[in-house]
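Okay, here's what each chain looks like letter by letter:
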Amino acid sequence: MTHSAPHRTFRALLACLAVIAIAPAAAGETYRSPLALAAAGGKVYVAEFTANQVTVFDPAQNAVEGVIPLPGPPTGLVLAPDGGHLYVTLGGPAGQIAIVRLADRALAASLAAGHSPTAPTITPDGETLFVCNQHNNNVVAFDLAGKAAPVHIPVSREPVAAAMTPDGARLFVANLLPAGRADDNYVAATVDVIDVPSRQVAGAIPLPNGSSSLLGICVSPDGQYAYVTHILSRYQLPTTQLERGWVNTNAVTIIDTARMAAVNTVLLDDVDLGAANPWGIACTPDGQWLCVAISGTHELSILDRERLHEKLAAAEAGGERDNVPNDLSFTAELRHRVKLLGKGPRGVAALDSRVFAAEYFSGALASVDLTGDRTPRAESFMLGPEPPLTPERAGDLFFHDATVCFQQWQSCASCHPGDARVDGLNWDLLNDGMGNPKNSRSLLHAFDTPPTTVTGVREDATMSVRSGIRFILFNQAPEEQAATVDAYLKALRPVPSPHLVNGELSPAAERGREIFDAANCANCHVPPLFTDLKTHHVGTGLGREADTAFDTPTLIEIWRTAPYLHDGRAANLMEMLTTFNRGDTHGKTSNLTAEQLQDLVEYLLSL
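Just so it is clear, the structure is predicted and the values come from calculations on it, not from any experiment.

(A) Representation of the pairing of strand S25 (residues 345-351) within the structure. Taking burial as the measure, the seven residues of S25 include seven buried ones, the bulk of the element. Where S25 folds back onto strand S26 (residues 354-359) in an antiparallel hairpin, the turn is made up of two residues, including Asp 352, whose phi is positive at roughly 55°.

This is the structure:
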């Protein structure tokens, strides 16, 4: 087998990286990265992603009360209804659920989850735990009494947030990305609804066209509505300007839980000031306020929930329903935009009259008191010492920071969510003309695989970073800031594929590796990066781009970068190898049997 040694080396590297990613660091020598919150019993529990611990915060004293060490990076947490245990998802290819006994704050047990578990949710009776396995595209139901085996429930694509109705009947699951091809007239992520008693998907709720980066979801205390945060991209327009949300707006979609249907979508932006990258969301216990972390602009958006629904009902009655998702002033009189003292709020939780937000890049916990008639103001409480920013950490912050964008409409992460990967949309950027939209690309290995952009317009990633700041964020940045983005992107590492078996290729993928070589795929997709760093005419251009040469993309992490081809017309790899490979212009696949094609796909998905 021609390339067996490089393949073995690559798999060994991935295994090493997986170990490094979850290795605990000495106290005070790493960033805390508060990511998710749970609040009950007078305490706020903070999942600190890069510190491998949960910090217990006492709001009565506004102080850290204790720390719970964990064997991996916490991504989400939920309290048992009786307050006896805390369930914490630990990220990684072989993710776990840590069960913490709160009486002595000790690790009592653990459960094996899936690839990159997050968003644990528990039934009101405390008997069943649901966990989203982001990269397995499923939700797992665990019988906590151990009487039944876990049930794996397939959902759409990259589930990252979930919320249950108070009666425990339905679980609403937010999928990060759209599924399917990107060149359709309608492209949007969905909220899947799981019927809890049957452990089956009861329906999928479509969001408005262009909805992506679904990162937070909650259910109202009365169970009548669910609220999901997302970006609402105007991807069908050329990116000629940013004013009035021309490229991206930032939204909450309201869902009627009984009907399993969207009521409407409201924008969190102002007419001339974006509220980029909404993340966590929570209702206050009395149902009065809806609180949204605006991660890109370092704010909390506090909406009067009753008035919001009154205004939505009036718009419905007045025949104005369809105008609401485009109305940048619809929520202006219903909300406060509360500027936080820290950076990058993500998880949100409400306790009594206070709302808390996890300030990811500051290692702090934000607090906003919602009592009284005064304008809410934020406090910030450090969770412990934070080391100085390294260039990589500063670049991570810059990549997610929309305040560097003209009018704060978006950040780099708006189009490259999930650690600088893809959003599943086509964009008509102006770097190669107008009227020829291209699918967004992952930035993993961008500095290792020049040229950049689909048609190789940019010589390398250094040029692309600076051009992106200028022509997509519509701003200028000092060279030292742009250099931190370089450092961040260079530090990105591939995530091991969920198709690997104990870190190795499956038998089908082993057969597919042989076919990969025999079909001449390796001629252009040369290991270990699976690209020859050249452009080729591969017969996939359409219209005026019929004769365009396209850059050979790396195949690393191709399992998470769908859809495929320059315009995202191939929803999956099988379509790319068959329907859109007439004439064998990108791999000799026309002579392969159905079984051989499936083996080849399995190999590609394992890279």
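(B) Local environment of the nonpolar core. In terms of nonpolar packing, the biggest core is built from 60 residues, with Phe 399, Leu 489, Phe 516, Leu 573, Tyr 603 and Leu 604 touching the most fellow members. Contributions of two or more residues to this core are made by helix H3 (391-400), helix H4 (412-415), helix H6 (461-471), helix H7 (479-491), helix H8 (507-518), helix H9 (573-577) and helix H10 (594-604). Per-element accounting of this core gives the leading share, five residues, to H10. If near-sequence neighbours (up to four positions away) are discounted, Leu 573 is found in contact with Ile 558, Tyr 564, Val 601, Leu 604 and Leu 605. Judged by nonpolar contacts, the second largest core, of 21 residues, contains Tyr 227, Leu 268, Ile 281 and Phe 330.

(C) Structural detail: the pattern of salt bridges. For the coordinates displayed, the defined rule picks out 24 salt bridges. Residue Asp 58 pairs with Lys 43 through a salt bridge whose shortest N-O separation is 3.9 Å. Of this pair, Asp 58 sits in strand S3 (residues 53-58) while Lys 43 sits in strand S2 (residues 43-48), placing them 15 residues apart in sequence. Bridged by salt links that share partners, the residues Lys 43, Asp 58, Glu 65 and Arg 105 form one connected network.

(D) Representation of the environment of His 416. Looking at where His 416 falls in the secondary structure, it is placed in the loop between H4 and helix H5 (417-420). For the pair His 416 and Ala 179, spaced 237 residues apart in the sequence, the C-alpha separation amounts to 16 Å. Here His 416 is in contact with Phe 399, Arg 421, Arg 441 and Leu 443, once residues within four sequence places are set aside. Engagement of the side chain of His 416 in a polar contact is seen with the backbone oxygen of Arg 441, the distance being 3.0 Å.

(E) Layout of the packing of H6 against H7. Between H6 and H7, whose axes approach to 10 Å, the crossing angle comes to 125°. Classified by the interaxial angle, the pair formed by H6 and H7 is oblique. The hand of the H6/H7 crossing is right-handed. Residue-level inspection shows Thr 462, Val 465, Arg 466 and Ile 469 of H6 in contact with H7, the latter providing Glu 479, Ala 482, Ala 483, Val 485, Asp 486 and Leu 489. Classifying every residue of the contact of H6 with H7 gives six nonpolar, one polar and three charged.

(F) Region of interest: the environment of Leu 604. With respect to the helices, strands and loops of the structure, Leu 604 is situated in helix H10. Linking Leu 604 and Ala 518, residues 86 residues apart in sequence, is a C-alpha distance of 14 Å. Contacts of Leu 604, omitting those with residues within four sequence positions, involve Phe 516, Leu 555, Ile 558, Leu 573 and Leu 577.

(G) Looking closely at H8. Here H8 spans 17 Å end to end across twelve residues, near enough to the 16 Å set by a 1.5 Å rise per residue. Taken residue by residue, H8 has Ala 508, Ala 509, Gly 512, Arg 513, Ile 515, Phe 516 and Asp 517 as its buried positions. Residue Asn 520 follows H8 closely and has a positive phi angle near 65°.

(H) Just the packing of H3 against H7, in detail. Remark: H3 packs on H7, axes separated minimally by 7 Å, with the N-to-C direction vectors making an angle of 105°. It follows from the interaxial angle that H3 and H7 lie roughly perpendicular. Taking contact as the criterion, the partners of Pro 391, Glu 392, Ala 394, Gly 395, Asp 396, Phe 398, Phe 399 and His 400 in H3 are, on H7, Gln 481, Thr 484, Val 485, Ala 487, Tyr 488, Leu 489 and Ala 491.

(I) How the structure looks around the sheet that holds strand S28 (residues 378-382). Pairing is antiparallel across the open sheet formed by four strands, whose spatial order is S25-S26-S27-S28. A single partner strand is all that each edge strand has here, and the edge strands are S25 and S28. This sheet shows a mean twist of 25° between the axes of neighbouring strands, independent of strand direction. In this sheet, S28 lies alongside strand S27 (residues 364-369) in antiparallel orientation, the contact comprising five bridges. In the sheet register, Val 368 faces S28, and the bridge partner there is Ala 378.

(J) Up close: the sheet that holds strand S6 (residues 85-90). One open sheet holds the four strands; their spatial order is S5-S6-S7-S8, and the pairing between them is antiparallel. Taken across any chain shown, the strands that pair with only one partner, and hence form the sheet edges, are strand S5 (74-79) and strand S8 (106-112). The average undirected angle you get between the axes of adjacent strands in this sheet is 25°. Bridge count between S5 and S6: five bridges; the pairing is antiparallel. By the bridge assignment, Leu 79 is partnered in S6 with Leu 86.

(K) Representation of H3 in the model. Counting buried residues along H3, eight of its ten residues qualify, which places the element largely inside the surrounding structure. In the core, the buried residues of H3 are packed alongside S25, H4, H5, H6 and H7.

(L) Quick look at the side chain of Thr 554. When you line up the elements, Thr 554 lands in the loop between strand S32 (550-551) and H9. Within the structure, the side chain of Thr 554 is placed 2.6 Å from the backbone oxygen of Leu 529, a separation counted as a polar contact. A distance of 3.1 Å separates the side chain of Thr 554 from the backbone nitrogen of Ile 556, its partner in a polar contact. When sequence neighbours within four positions are dropped, the list of residues in contact with Thr 554 reads Thr 449, Leu 529, Phe 530 and Thr 531.

(M) Up close: the packing of aromatic side chains. Evaluated as defined, the whole model comprises seven aromatic pairs. Residues Phe 57 and Phe 381 carry aromatic rings whose centres are separated by 5.5 Å and whose planes lie at 40° to one another, so their mutual orientation is tilted. With Phe 57 in strand S3 and Phe 381 in strand S28, the pair connects residues that are 324 residues apart, well separated along the chain. Taking the centre distance of 6.0 Å and the plane angle of 70° together, the rings of Phe 516 and Phe 530 count as edge-to-face. Residue Phe 516 is found in helix H8, and its partner Phe 530 is found in the loop between H8 and strand S31 (535-536); the two are separated by 14 residues along the sequence. A relative accessible area of 1% means that Phe 530 is categorised as buried.

Calculation rules
- Residues numbered from 1 in each chain as written.
- Predicted model: local features only at pLDDT ≥ 70, side-chain atom pairs only at ≥ 80, totals over all residues.
- Heavy atoms only, no water.
- Buried < 20%, exposed > 50% of the residue type's maximum accessible area, 1.4 Å probe, protein only.
- Helix = DSSP H or I, 4+ residues; strand = E, 2+ residues; numbered from the N terminus.
- Pairing = 2+ DSSP bridges.
- Core = buried A, V, L, I, M, F, W, Y, C linked by side-chain atoms within 4.5 Å.
- Contact = heavy atoms within 4.5 Å.
- Salt bridge = Lys/Arg side-chain N within 4 Å of Asp/Glu carboxyl O.
- Polar contact = N/O pair within 3.5 Å; in protein donor to acceptor, adjacent residues only side chain to side chain.
- Axes fitted to C-alpha atoms, helices over the stretch in contact; angles between N-to-C directions.
- Parallel < 35°, antiparallel > 145°, perpendicular 65-115°, else oblique.
- Left-handed = near helix turned anticlockwise from the far one by under 90°.
- Nonpolar A, V, L, I, M, F, W, Y, C, P; charged D, E, K, R; others polar.
- Expected span 1.5 Å × (residues − 1).
- Phe/Tyr/Trp six-rings, centres within 6.5 Å; stacked < 30°, edge-to-face > 60°.

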